[in-house]
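Architecture and fold: a report
Take a look at the letters that make up each chain.
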Protein chains: 2
Amino acid sequence: MSWEKNVRKVVPYVPGEQPKMNKIIKLNTNENPYPPAPGVQEAMKALTKTFGTLRLYPSPTCDMLIDALSEYYGIDKDKIFVGVGSDDVLDTAFLTFFDFKDKQSGNLLFPDITYSFYDVWASLYRIPYETVPVNDDLTINYRDFCKGNAGGIVIANPNAPTGIELPVKGAIEEIIKSNPDCVVIVDEAYADFGDETALSLIDRYDNLLVVRTYSKSRSMAGMRIGMAFGNPKLIKYMNDVKFSVNSYTMNIPALCYGVASLHDEEYFRTTVGKIVATRERSKEKFRKLGFSVTDSKTNFLFVSHPLKPATEIFAALRERGIIVRHFNNKRIDNYLRITIGTDAEMDELFAALEEIL
Amino acid sequence: MSWEKNVRKVVPYVPGEQPKMNKIIKLNTNENPYPPAPGVQEAMKALTKTFGTLRLYPSPTCDMLIDALSEYYGIDKDKIFVGVGSDDVLDTAFLTFFDFKDKQSGNLLFPDITYSFYDVWASLYRIPYETVPVNDDLTINYRDFCKGNAGGIVIANPNAPTGIELPVKGAIEEIIKSNPDCVVIVDEAYADFGDETALSLIDRYDNLLVVRTYSKSRSMAGMRIGMAFGNPKLIKYMNDVKFSVNSYTMNIPALCYGVASLHDEEYFRTTVGKIVATRERSKEKFRKLGFSVTDSKTNFLFVSHPLKPATEIFAALRERGIIVRHFNNKRIDNYLRITIGTDAEMDELFAALEEIL
């Protein structure tokens, strides 16, 4: 099989387990415990009636979704890009903006503890990269990204899997400002649960791309919708690459239901508010049980117990049908990442933890 | 904006026009004139009832769809890959199999007249490629691909936009057999409308990948579903790359409706049969009007008139609300590609053509 010599060999990203056990409490992939907005169900009924339209290609420019996002965020249409989840959007951004042509370009920089897909994309596209160690308390030292030597920067804010948020003013903005010669991607997958966003900076800095997703705050992980915001030139370059990969990425249901979700702001605020309230209550509970807990601004918590190894807690929870996430990375291998579920789910989790500890 | 120096600059594929005129006859993007199988509508109703599940990530391994395709085609699950339309599948295959590491590898080969995305992907991923001229009658000379000097081969069968089919025995199989050291992709987007398929060869040749789509014969262009069949090693390599790009490509509706479509074989046979009958009738009509017509085995015809330039016919049809496809490629710029619509649509087309000529 000598065709194998020309195969692009990669170490792929491993997504969180999708266990096939019955009756589990699934707190391992940061899904939202509440259903999508009721308007999404109405959009599903409407599309069912006109199902014959599925024979046609969707709009390659994703017009209806771009229009709706433009209205929702008050951002011009030519500053918006959409894709098949924020992973697709980030993948396109990596492929587009980090095509380092010579050794003169600095490396792509991102924290050593962050979303574990960044180094996968960098490896896939042969992008030279360098990880910047976070502090011992897992916070990012923004100054490490302000040295002006980067070829590109990716920062998740809030960061994953720590959940810790950097202020935009005085930190994220400094990173963007210090690196005018490279694209800075701010991955705001969890920003709806936090206090900060760099969205308002896209008009001020032409090198800033802000990425968002429907998978967490909009309860639509199953629909695969993500988006990016940036100046029209950045977005145009991404669209050129998108049209070189797959012209029709977003299927008709994704476009229709993506629009419907934006039309129910009250439901959105209510469910995000409930998750934030459960998160804050859960932080206290974890602390009472002796855990150290980062100050997460997301829909998950990152916790560690001084007496009981994370792998043991992980296994004991799993035996009880509660699935959480553990990362085999030496700096954080005594931590567990636990998605915020409903209050009832969290109560079951805490009852199990009391037993285990 | 010196970040622009690291931008991957590309000449993107230009998809067929999606005109926003009212009441048009759309024969330009090879969509199916009939709706998807009625079972798809039932699946939509069912998913609407359980819409809360959209909060969860879809299966990253696309189990339900792979299972259903395995049963439908009688092909083992580990020989099947699925993606967001066959464009996504082909893109993944290009990225996976044509990572030429040295000058010793031959070039990627494909015909000069073929699906216009192949050179776009090759350019995007910096894959050295070479186009092989088709004969003057637009047929492919399969021997040109049997010289054993290729680093990779892509053949659409039937070919686009000519619609002409090569026999598998004695042509496609010879190409595969002559190139054991490189991957041969047979793009069978239109094969359901023809007489030939290389599917049965995947167990005999480990270098063969056969690609299919739901967009044409299954009337589901709007759902973005494509698949590939090959030996488990090929498929594993593609999955490794897929999991390095986007773990969750297929959304929940795509998985559910993709399965439903496979369950109504009679509807499938009937609608494909109707299109083939309309195609054959249309070939005659075109010939009677003085057109030269290739022997298309697809859901489109490729026609040229000896007296009236294609661009003039194109414009005159468009004025009458009939949209067809014209390619600005000097070897075929006097041809039009015309999708097979319903009999009624084709009658309107022929009435218009009689007026125009």
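Here the structure is a predicted model, which means the values were calculated and not measured.

1. Let's talk about the overall build of chain A
- The number of helices and strands found in chain A is 10 helices and 12 strands.
- Taking 357 residues into account, the globule formula puts the C-alpha radius of gyration at 21 Å, and chain A, at 21 Å, falls close to it.
- In chain A, which comprises 357 residues, the share counted as buried stands at 62%.
- When contacts within chain A are restricted to residue pairs at least 6 apart in sequence, long-range pairs at least 24 apart make up 73% of them.

2. Some points on helix H6 (residues 232-245) of chain B
Residues and elements named next belong to chain B.
- Relative to the 20 Å expected for 14 residues at 1.5 Å per residue, H6 spans 20 Å between its end C-alpha atoms, a close match to the ideal helical length.
- Burial analysis of H6 places 10 of its 14 residues in the buried class, the great majority of the element.
- Every buried residue belonging to H6 is among Leu-234, Ile-235, Tyr-237, Met-238, Asp-240, Val-241, Lys-242, Phe-243, Ser-244 and Val-245, and all of these are buried.
- Of the residues flanking the start of H6, the one acting as N-cap is Asn-231, its side-chain oxygen 2.7 Å from the backbone nitrogen of Lys-233.

3. Quick notes on the side chain of A:Lys242
Residue and element names in this part refer to chain A.
- Here Lys-242 is to be found in helix H6 (residues 232-245).
- No salt bridge is formed by the buried Lys-242. Its closest oppositely charged neighbour is Asp-88, at 7.1 Å.
- Once residues lying within four places of it in the same chain are set aside, the contact partners of Lys-242 are Pro-60, Cys-62, Phe-81, Thr-92, Ser-247 and Thr-249.

4. Considering the interface of chain A and chain B
- At the interface, 94 residues of chain A touch 94 residues of chain B.
- Buried surface at the junction of chain A and chain B, both sides included, amounts to about 7700 Å², of which 56% is carbon and sulfur.
- For chain A, the biggest contributors to the area lost against chain B are A:Trp3, A:Arg55 and A:Tyr57; these three give 11% of the whole.
- On inspection of chain A and its partner chain B, the count reaches six salt bridges.
- The salt bridge involving A:Asp99 is made with B:Arg126; its shortest N-O contact spans 2.8 Å.
- Remark: the boundary between chain A and chain B carries 53 residue pairs in polar contact (both at pLDDT 80 or more).
- For the side of chain A that touches chain B, the elements supplying multiple residues, two or more each, are helix H1 (38-49), helix H3 (85-97), helix H4 (118-124), H6 and helix H7 (252-262) of chain A.
- Each residue belonging to the side of chain A that touches chain B can be placed in one class, and the counts come to 50 nonpolar, 22 polar and 22 charged.

5. Description of the sheet that holds strand S6 (residues 184-187) of chain A
Residues and elements named next belong to chain A.
- What the seven strands build is an open sheet, ordered S2-S8-S7-S6-S5-S3-S4; its pairing is mixed. Edge positions in the sheet fall to strand S2 (80-83) and strand S4 (129-132), since each of these pairs with one other strand and no more. On average, each strand axis in the sheet is tilted by 20° relative to the strand beside it, whichever way the strands run.
- Taken together, the four bridges between strand S3 (residues 108-111) and S4 define a ladder with parallel strand orientation. Note that in S4 the partner of Leu-109 across the bridge is Glu-130.
- Packed onto the sheet, helix H2 (residues 63-73) meets S2, strand S7 (208-213) and strand S8 (226-229) and runs at close to 130° relative to S2.
- Against the sheet, H3 touches S2, S3, strand S5 (152-156), S6, S7 and S8, its axis set at about 160° to S7.

6. Considerations on the confidence of the model for chain A
- Model confidence for chain A is summarised by a mean pLDDT of 95, while 99% of its residues fall at 70 or above.
- The ipTM for the predicted assembly is 0.96, set against a pTM of 0.96.

7. Digging into the environment of B:Glu17
All names here are of chain B.
- In this fold, Glu-17 is placed in the segment before strand S1 (25-26).
- Residue class for Glu-17 comes out partly exposed when judged on its relative accessible area of 29%.
- Sequence separation between Glu-17 and Asn-28 is 11 residues, and the spatial gap between their C-alpha atoms is 7.4 Å.

8. Considering the relation of the copies chain A and chain B
- Rotating chain A by 180° about the axis while translating it 0.0 Å along that axis superimposes it on chain B, leaving an RMSD of 0.0 Å. What we have between these two chains is a two-fold relation.
- Both copies contact each other with a shared surface, as 100% of the interface residues of chain A are interface residues in chain B too.

9. Things to note about the environment of B:Val211
All names here are of chain B.
- Secondary-structure assignment places Val-211 in strand S7 (residues 208-213).
- As for Val-211 and Phe-229, which are separated by 18 residues in sequence, their C-alpha atoms are 6.5 Å apart.
- Ignoring anything within four residues of it in the chain, the contact list for Val-211 reads Ser-86, Val-89, Leu-90, Ile-185, Val-186, Asp-187, Glu-188, Ala-189, Met-227 and Ala-228.

10. Side note on the sheet that holds S7(B)
Residue and element names in this part refer to chain B.
- If you trace the seven strands from one edge of the open sheet to the other, you get S2-S8-S7-S6-S5-S3-S4, paired in mixed fashion. Edge positions in the sheet fall to strand S2 (80-83) and strand S4 (129-132), since each of these pairs with one other strand and no more. Within the sheet, the average angular offset between the axes of one strand and its neighbour, ignoring direction, is 20°.
- Alignment of strand S5 (residues 152-156) against strand S6 (residues 183-187), held across five bridges, turns out to be parallel. By the bridge assignment, Ile-155 is partnered in S6 with Val-186.
- Packing of helix H2 (residues 63-73) onto the sheet brings it into contact with S2, S7 and strand S8 (226-229), and relative to S2 it is tilted by some 130°.

11. What to know about the nonpolar core
- If you look at the biggest cluster of nonpolar residues, it comprises 126 residues, and the most contacted ones within it are A:Tyr257 and B:Tyr257.
- If sequence neighbours within four positions are ignored, A:Tyr257 has contacts with A:Val40, A:Ala43, A:Met44, A:Leu47, A:Met220, A:Met223, B:Leu54, B:Pro253 and B:Tyr257.
- Counting residues in each nonpolar core, the second largest holds 73 residues, with A:Leu95, A:Trp121, A:Ile127 and B:Leu108 among its members.

12. Here we look at the packing of H2(B) against helix H7 (residues 252-262) of chain B
Residues and elements named next belong to chain B.
- With their axes 8 Å apart at the nearest point, H2 and H7 run at an angle of 15° to one another. Taken together, H2 and H7 sit at an angle that is classed as roughly parallel. In the packing of H2 onto H7, the handedness of the crossing is left-handed. Along its contact with H2, which presents Met-64, Leu-65, Ala-68, Leu-69 and Tyr-72, the element H7 presents Leu-255, Cys-256, Gly-258, Val-259 and Leu-262.
- Tallied by class, residues from the contact of H2 with H7 come to nine nonpolar, one polar and no charged.

13. A short note on helix H9 (residues 310-319) of chain A
Residues and elements named next belong to chain A.
- Those residues of H9 lying buried are Ala-310, Ile-313, Ala-316 and Leu-317. Summarising the axial view, the buried residues of H9 lie within an arc of 130°, below the 170-degree limit, and thus occupy one face.
- If you follow the buried residues of H9, they end up packed against strand S11 (322-323), strand S12 (335-339) and helix H10 (343-356).

What counts and how
- Residues numbered from 1 in each chain as written.
- Chains lettered and ligands numbered in written order.
- Predicted model: local features only at pLDDT ≥ 70, side-chain atom pairs only at ≥ 80, totals over all residues.
- Heavy atoms only, no water.
- Helix = DSSP H or I, 4+ residues; strand = E, 2+ residues; numbered from the N terminus.
- Rg over C-alpha atoms; globule rule 2.2 N^0.38 Å.
- Buried < 20%, exposed > 50% of the residue type's maximum accessible area, 1.4 Å probe, protein only.
- Contact = heavy atoms within 4.5 Å.
- Expected span 1.5 Å × (residues − 1).
- Polar contact = N/O pair within 3.5 Å; in protein donor to acceptor, adjacent residues only side chain to side chain.
- Lys, Arg positive; Asp, Glu negative; His and termini not counted.
- Salt bridge = Lys/Arg side-chain N within 4 Å of Asp/Glu carboxyl O.
- Buried area = accessible area lost by both parts, 1.4 Å probe.
- Nonpolar A, V, L, I, M, F, W, Y, C, P; charged D, E, K, R; others polar.
- Pairing = 2+ DSSP bridges.
- Axes fitted to C-alpha atoms, helices over the stretch in contact; angles between N-to-C directions.
- pLDDT = per-residue confidence, 0-100.
- Least-squares fit on C-alpha atoms with pLDDT ≥ 70 in both.
- Core = buried A, V, L, I, M, F, W, Y, C linked by side-chain atoms within 4.5 Å.
- Parallel < 35°, antiparallel > 145°, perpendicular 65-115°, else oblique.
- Left-handed = near helix turned anticlockwise from the far one by under 90°.
- Arc of directions from axis to C-beta.

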